[in-house]
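Chains, contacts and geometry: an overview
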Amino acid sequence: MKDELSRREVISGVGVVATAGILSQFLATEAHAQPKEPGVFAHQLPPLSYAEDALEPVIDKETVKIHHGKHFDGYIKGLNAALEKLEKARIEGNFDNIKALSRDLAFNGSGVVLHWIYFSTIGPKAGGAPSGKLADAIKRDFGSFETFWKQFATASKDVEASGWGVLAWEPFSKRLVIMQAEKHQNLTSWGAMPLMVCDVWEHAYYLKYQNRRAEYVDAFANIIDWKKVEERFERYSK
Ligand code: MN
């Protein structure tokens, strides 16, 4: 299991340099979502693998800076706080606030996962269409890439209020699905593993696009790094 070995090496801080290319960036990013060690809940903001202005003209530098450095970091802090409060509740044997804590865990935990996938699946010199096994699966499950994109883009544009368009692998039926998540955690499907996501909270696009969400979603097609989506698909769909 070379893949698992690499992940452990990355988590322990060894082998990051030794593992070359896109894969090392992908694994290094993924590893940030793991607790540092069992019982120690300190998720950390994964660094961007590109410059803040690298996504222009699709997404402007200021939006990337605030979205990654403030919003994403806010969900990391929120998740860490929820996990700490849950640990405290277990130690004290007091679960009076379990409803609020469970909500905080779902909201911030889902926010972390979706932002981590968002920032690690977009990049400069991207766009186009996937190839390999992912391309085959998209054709099988949606008919064609064009039909897939039309459904994904429309789902993203039509999210009610704040949320996400999500391409996910659904392991029980072994098929790809497109979901329309509200907030971060609503309208999701149990067990589905997100592969590629489009953030349609206003903080993701409002500085440049104002109320023109559809324009942002159409432009988003040009920054999807399908190689990274393919890597995630191949890991999850084994
Ligand atoms: Mn966001």
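Keep in mind that this is a model prediction, so the values were computed, not measured. Counting restarts for each chain, with residues numbered from 1 along the sequence as it is written. A pLDDT threshold of at least 70 governs which residues receive local features in this predicted model, and a stricter bar of 80 or more applies before side-chain atom pairs are shown or counted, although totals over entire chains, interfaces and linings include all residues. Side-chain numbers come from the whole structure's heavy atoms, not from hydrogens or water.

**Considering the coordination of the manganese ion**
Donor atoms from the polypeptide that coordinate the manganese ion comprise His67 (NE2), His115 (NE2), Asp199 (OD) and His203 (NE2), at 2.0 to 2.2 Å from the metal. Burial here depends on accessible area, computed with a 1.4 Å probe over protein chains only, as a share of the maximum for the residue type. Under 20% is buried, over 50% is exposed, and the range in between is partly exposed. His115 gets classed as buried once you look at its relative accessible area, which sits at 0%. Think of the donor list as every N, O and S atom within 2.8 Å of the metal, or within 3.2 Å for Na, K and Ca; water never makes the list, so a site can look incomplete.

**Quick look at the environment of Val64**
The helix and strand labels rest on DSSP assignments: H or I over at least four residues marks a helix, E over at least two residues marks a strand, and numbering proceeds from the N terminus. Of note, Val64 is situated in helix 3 (residues 61–92). Residue Val64 is classed as buried on the basis of its relative accessible area, which comes to 2%. Expressed as a C-alpha distance, the spacing of Val64 and Glu52, which sit 12 residues apart in the sequence, is 5.8 Å. The contact definition used throughout considers only heavy atoms, calling two residues in contact when any of these lie within 4.5 Å. Excluding residues within four positions of it along the chain, Val64 makes contact with Leu48, Glu52, Leu55, Ile59 and Gly69.

**So, the sheet that holds strand 3 (residues 193–199)**
In short, DSSP must find at least two bridges between two strands for them to pair. The strand order across the open sheet built from three strands is 2-1-3, with neighbouring strands paired in antiparallel fashion. Edge positions in the sheet fall to strand 2 (175–182) and strand 3, since each has one partner strand and no second. Averaged over neighbouring strand pairs, the angle between their axes works out to 20 degrees when direction is ignored. Summarising the sheet, strand 1 (residues 163–170) and strand 2 pair through eight bridges and their orientation is antiparallel. The partner of Ala168 across the bridge, within strand 2, is Val177. Axis lines are fitted through C-alpha atoms, for helices just across the contact stretch, and the angle between N-to-C directions can take any value from 0 to 180 degrees.

**A word on helix 8 (residues 213–220)**
Taken together, the buried positions of helix 8 are Arg213, Tyr216, Val217, Ala219 and Phe220. Down the axis of helix 8, the smallest arc covering the buried residues is 165 degrees, so these residues share one side. Elements in contact with the buried residues of helix 8: helix 4 (98–121), helix 6 (145–157), strand 3 and helix 7 (206–209). The arc in question is the one traced by the directions running from the helix axis out to the C-beta atoms.

**Brief notes about the side chain of Thr121**
With respect to the element layout, Thr121 can be found in helix 4. Its relative accessible area of 2% is what places Thr121 among the buried residues. At a separation of 2.4 Å, a polar atom in the side chain of Thr121 contacts the main-chain carbonyl oxygen of Ile117. The contacts of Thr121, once residues within four sequence positions are left out, are Leu195, Met196, Ile223, Ile224, Asp225, Val229 and Arg232. Polar contact is the term for a pair of N or O atoms within 3.5 Å; when the atoms are in protein, one must be able to donate a hydrogen and the other to accept it, and sequence-neighboring residues count only if both atoms are side-chain atoms.

**Observations concerning the UniProt feature "binding site: Mn(2+)" (unreviewed entry) in the protein**
Within this numbering scheme, the UniProt entry marks His67, His115, Asp199 and His203 as carrying the feature "binding site: Mn(2+)" (unreviewed entry). Over a stretch of 137 residues, the named residues converge on one spot in the fold, their C-alpha atoms separated by at most 12.1 Å. Its location among the elements puts Asp199 in strand 3. Once residues within four sequence positions are removed from consideration, Asp199 is found in contact with His67, His115, Tyr118, Gly163, Trp164, Ala204 and Tyr216. A polar atom in the side chain of Asp199 sits 3.2 Å from the side chain of His115. If you trace the backbone, His203 turns up in the loop between strand 3 and helix 7. For His203, the residues in contact, after removing those within four places along its chain, are Thr63, His67, His71, Tyr75 and His115. Of the polar contacts made by the side chain of His203, one reaches the side chain of His67; its length is 3.1 Å. UniProt positions are given in the numbering used here, feature names are shortened, and annotations may be inferred rather than shown by experiment.

**Thoughts on the packing of helix 4 against helix 9 (residues 226–236)**
In a pair of packed helices, the angle between the axes and the distance between the axes together describe the arrangement. Between helix 4 and helix 9, the shortest axis-to-axis distance is 8 Å and the interhelical angle comes to 130 degrees. In terms of orientation, helix 4 lies oblique with respect to helix 9. The segment helix 4 lies against helix 9, with Trp116, Ile117, Ser120 and Thr121 engaging Lys228, Val229 and Arg232. Its residues placed into classes, the contact of helix 4 with helix 9 shows three nonpolar, two polar and two charged. For classification purposes, an angle smaller than 35 degrees is called roughly parallel, one larger than 145 roughly antiparallel, one from 65 to 115 roughly perpendicular, and anything else oblique. Each residue gets one of three labels, nonpolar for Ala, Val, Leu, Ile, Met, Phe, Trp, Tyr, Cys and Pro, charged for Asp, Glu, Lys and Arg, and polar for the others, Gly among them.

**Section: the packing of aromatic side chains**
Any Phe, Tyr or Trp ring, taking Trp's six-membered ring, that has another such ring centre within 6.5 Å forms a pair; planes under 30 degrees apart are called stacked, those over 60 apart edge-to-face, and the others tilted. In total, this model carries 19 aromatic pairs according to the counting rule given. Taken together, a centroid distance of 5.7 Å and an interplanar angle of 70 degrees make the contact between Tyr75 and Phe107 edge-to-face. Here the residue Tyr75 occupies a position in helix 3, and Phe107 occupies one in helix 4, the gap between them amounting to 32 residues. Take Tyr75 and Phe107: they sit in the same class, and that class is buried. Taken together, a centroid distance of 5.8 Å and an interplanar angle of 35 degrees make the contact between Phe148 and Phe152 tilted. Here Phe152 and Phe148 lie together in helix 6, a separation of four residues that amounts to about one turn. Take Phe148 and Phe152: they sit in the same class, and that class is buried. Put simply, the rings of Phe72, Tyr118, Phe119, Trp164, Tyr205, Tyr206, Tyr209, Tyr216 and Phe220 touch in pairs and so form one group of aromatic residues. Lying over the aromatic face of Phe107, Arg103 brings its terminal NZ or CZ to 4.6 Å of the ring centre. Consider the ring centre and the ring normal. A charge sits over the ring if Lys NZ or Arg CZ is within 6 Å of that centre and within 35 degrees of that normal.

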